[in-house]
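Examining the three-dimensional arrangement
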Amino acid sequence: MINYKTLGLVNTREMFAKAVKGGYAIPAFNFNNMEQLQAIIKASVDTKSPVILQVSKGARDYANQTLLRYMAEGAVAYAKELGCEKPEIVLHLDHGDSFETCKSCIDMGFSSVMIDGSHLPYEENVALTKKVVEYAHQFDVTVEGELGVLAGVEDEVSAEESHYTKPEEVVDFVTKTGCDSLAISIGTSHGAYKFTPEQCTLDPETGRLLPPPLAFDVLAAIEKELPGFPIVLHGSSSVPQDDVDTINKYGGKMVAAVGIPEEQLRKAAKSAVCKINIDSDSRLAMTAAVRKTLAEKPGEFDPRKYLGPARDSMQKLYEHKIINVLGSNDKLEK
Ligand code: G3H
Ligand code: 13P
Ligand code: ZN
């Protein structure tokens, strides 16, 4: 058993309380490899932002849970080496699918876990989430639960259509489970194809697809039921069209990729939404940079020569999200 505190990590409790009060959101970035992690840490240090490092099942299968945990420990040391005296870094399990997975992450030093019982019947979701909370809280590890189902297909996370969170269920769920934050469904979804073209309208000036707005009425009703309680938004990539265009220009084929407009996320970040999950945008930034570099320098075979620009591009993206979308910059204690 390793407690995250000995690794220099923090849980989400204080971070979320400050974010809700301050009207901003903490970035939760998924990581699977060293370049992503370097970019996340550099961006959070340069902007003085707290940050949540997320590990999905896909990441654990790809990179190994133990190795990712040691990388997060290294990230704390790296942030300090970059000049950040008091980094606020959370190591979070994304979409935990069972009590055993959550326990295994808690036991090896994760400071926060999500138990995703959103696909289960309500009472089973309550029972599973409560069980994880009871175990996690013994070690001061914070727990994110989920109510409502997000649409989208992405590796381990899939559902045909979204079902918005029912505001009338949230108080009962939070009271019975004791969870520390709640992921909700208000129209976001995972991946780079968040809406079908039929769900969108066409912008006559740009020819781009304009997605339908998020259900801010549902968010407002949830906030009314749970004043000040930390709310989480999954599936919050914006799918920057510049990156999609670059990918397509250099041999890719991404048709009708569309995300959540940034102005909607800015609005959400000012509410009780205090954690915003972003993964796909980082994948797009990385892929666009790698494709461009390899197309422009076909003789290049040193991975550092194309992963380096990809890392720079991801860092720029993370800094943009922190400063211009979530507003979590300049929030670290001196
Ligand atoms: O919520 C889904 C995340 O984007 C993780 O996806 O399982 O493909 O790593 P992944
Ligand atoms: P995106 O696919 O929109 O980046 O969402 C990521 C996510 O919700 C991770 O849990
Ligand atoms: Zn998610």
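For the structure itself, consult the block above.
So, a few notes on the structure that sits alongside this text.

**Digging into the packing of aromatic side chains**
Applying the stated criterion across every chain, the model contains four aromatic pairs. Between Phe29 and Tyr318, the aromatic rings sit 4.3 Å apart at their centres with planes inclined by 45 degrees, giving tilted as the arrangement. Here Phe29, found in strand β1 (residues 26-30), pairs with Tyr318, found in helix α12 (residues 303-326); they are 289 residues apart in sequence, far enough to count as distant. Judged by its relative accessible area of 0%, Tyr318 is buried. Taken together through their ring pairs, the aromatic side chains of Phe99, Tyr135 and Phe139 make up a single cluster.

**Regarding the coordination of the zinc ion (ligand 3)**
For a metal with four donors in a tetrahedral arrangement, the ideal angle between donors is 109.5 degrees, while six donors in an octahedron ideally sit at 90 or 180 degrees. Within the protein, His95 (NE2), His190 (NE2) and His234 (ND1) serve as the donor atoms for the zinc ion (ligand 3), at 2.0 to 2.1 Å. For the zinc ion (ligand 3), the single-chain donor residues occur in sequence as H-x94-H-x43-H. One end of the pair, His190, is in the loop between β8 (181-184) and β9 (201-202); the other, His234, is in the loop between β11 (231-233) and α9 (241-249), with 44 residues separating them in the sequence. What makes His234 buried here is its relative accessible area of 1%.

**Here's the deal with the pairing of strand β12 (residues 273-278)**
Most of β12 sits out of view: six of its six residues are buried. Note that β1 and β12 share four bridges and pair parallel. Following the sheet pairing, Ala28 is matched in β12 by Asn277. Where β11 meets β12, three bridges bridge the pair, whose relative direction is parallel. Residue pairing in the sheet places Val232 in a bridge with Lys275 of β12.

**A closer look at the sheet that holds β12**
Taken in spatial order, the eight strands line up as β1-β2-β3-β4-β5-β8-β11-β12 and close into a barrel, and their pairing is parallel. In this sheet, neighbouring strand axes are inclined to one another by 25 degrees on average, regardless of whether the strands run parallel or antiparallel. In terms of strand pairing, β1 meets strand β2 (residues 51-55) through three bridges, oriented parallel. Bridging across to β2, Phe29 finds its partner in Leu53. Strands β2 and β3 (89-96) of the sheet are contacted by helix α4 (residues 65-81), whose axis makes an angle of about 155 degrees with β3.

Procedures and definitions
Residue numbers run consecutively from 1 along every chain, following the written order of its sequence. As they are written, the chains are lettered A onward and the ligands numbered 1 onward, keeping that order. Per-residue local features are limited, in this predicted model, to residues with pLDDT of at least 70; the limit for side-chain atom pairs, both in listing and counting, is 80 or more; totals at the level of whole chains, interfaces and linings are taken over all residues. Side-chain calculation: all heavy atoms of the structure are included, whereas hydrogens and water are not. Two aromatic rings, drawn from Phe, Tyr or Trp (for Trp, its six-membered ring), form a pair once their centres lie within 6.5 Å of each other, and the interplanar angle then sorts them: stacked below 30 degrees, edge-to-face above 60, tilted otherwise. Strands here are runs of E lasting at least two residues and helices are runs of H or I lasting at least four, both read from the DSSP assignment and numbered beginning at the N terminus. Relative accessibility under 20% of the residue-type maximum defines a buried residue, over 50% an exposed one, and the middle range a partly exposed one, all with a 1.4 Å probe and only protein chains included. Each metal site lists N, O and S donors within 2.8 Å (3.2 Å for Na, K and Ca). With water left out of the atoms, a site can look as if it is missing ligands. When DSSP finds two or more bridges between two strands, those strands count as paired. Axes, fitted as lines to C-alpha atoms, cover a helix only where it is in contact. Angles between the N-to-C directions of the axes lie from 0 to 180 degrees. Should any heavy atoms of two residues lie within 4.5 Å, those residues are counted as being in contact.

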